[in-house]
Amino acid sequence: KEAEPTTFSDTMAEETKYAPKTVKDVDSHEFVKEYAKHLKGKLTPCKNVDLIKTGSYKELAPYDPDWYFVRAASVARKIYLKQ
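J.: Any details on the side chain of Arg77? Residues and values, ideally.
T.: Turning to its location among the elements, Arg77 is positioned in helix α3 (residues 67-82). Buried charge without a salt bridge: Arg77, with Asp27 as the nearest opposite-charge side chain at an N-O distance of 7.3 Å.

Quick look at the structure:
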């Protein structure tokens, strides 16, 4: 069998591997998830974190046990992007 000829765009896509450099280059969901994992070992939540609501209209605290770290990572990302 003969090899199929490759086009210029195919070879460029194979050769170019993009490595993100800043927070703006990374998907927001992936960044917050990974940064929350990082904060989990560094940040100590307050004692009543299981009783804190995320809004006055909410009746219960979030179901995710790591919500505090996810929220902190999200706020940190927002602050970084506004600078």
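Anyway, onward from the coordinates.
J.: Quick rundown of the environment of Lys42? Include the residues and the values.
T.: Tracing the sequence through the fold places Lys42 in helix α2 (residues 28-42). In this structure, the C-alpha to C-alpha distance between Lys42 and Phe69, residues 27 residues apart in sequence, is 9.9 Å.

J.: Tell me about the nonpolar core, residues and numbers included.
T.: By size, the foremost hydrophobic cluster in this structure holds 5 residues: Val32, Ala36, Leu39, Phe69 and Ala73. Elements with a contribution of two residues or more to this core: α2 and α3. Take this core: its biggest share by element is 3 residues, from α2.

J.: Tell me what's going on with α3, and back it up with residues and numbers.
T.: Counted at 1.5 Å a residue, the expected span for α3 with its 16 residues is 22 Å, and the 23 Å between its end C-alpha atoms agrees. Here the buried face of α3 lies against α2.

J.: Go over the packing of aromatic side chains with me, naming the residues and quoting the values.
T.: The full count for this structure, using the stated rule, is 3 aromatic pairs. Their ring planes at 15° and their centres at 5.5 Å tell us that Phe31 and Tyr35 sit as a pair that is stacked. Highlighted residues: Phe31 and Tyr35, both in helix α2, separated by 4 residues, approximately one helical turn. Measuring from ring centre to ring centre gives 6.1 Å for Tyr68 and Phe69, while their planes differ by 90°; the resulting arrangement is edge-to-face. With a relative accessible area of 25%, Tyr68 lands in the partly exposed category. Overall, Phe69 belongs to the buried group, its relative accessible area being 8%. One aromatic cluster in this structure is built from Trp67, Tyr68 and Phe69.

About the thresholds
- Residues numbered from 1 in each chain as written.
- Predicted model: local features only at pLDDT ≥ 70, side-chain atom pairs only at ≥ 80, totals over all residues.
- Heavy atoms only, no water.
- Helix = DSSP H or I, 4+ residues; strand = E, 2+ residues; numbered from the N terminus.
- Buried < 20%, exposed > 50% of the residue type's maximum accessible area, 1.4 Å probe, protein only.
- Lys, Arg positive; Asp, Glu negative; His and termini not counted.
- Salt bridge = Lys/Arg side-chain N within 4 Å of Asp/Glu carboxyl O.
- Core = buried A, V, L, I, M, F, W, Y, C linked by side-chain atoms within 4.5 Å.
- Expected span 1.5 Å × (residues − 1).
- Contact = heavy atoms within 4.5 Å.
- Phe/Tyr/Trp six-rings, centres within 6.5 Å; stacked < 30°, edge-to-face > 60°.

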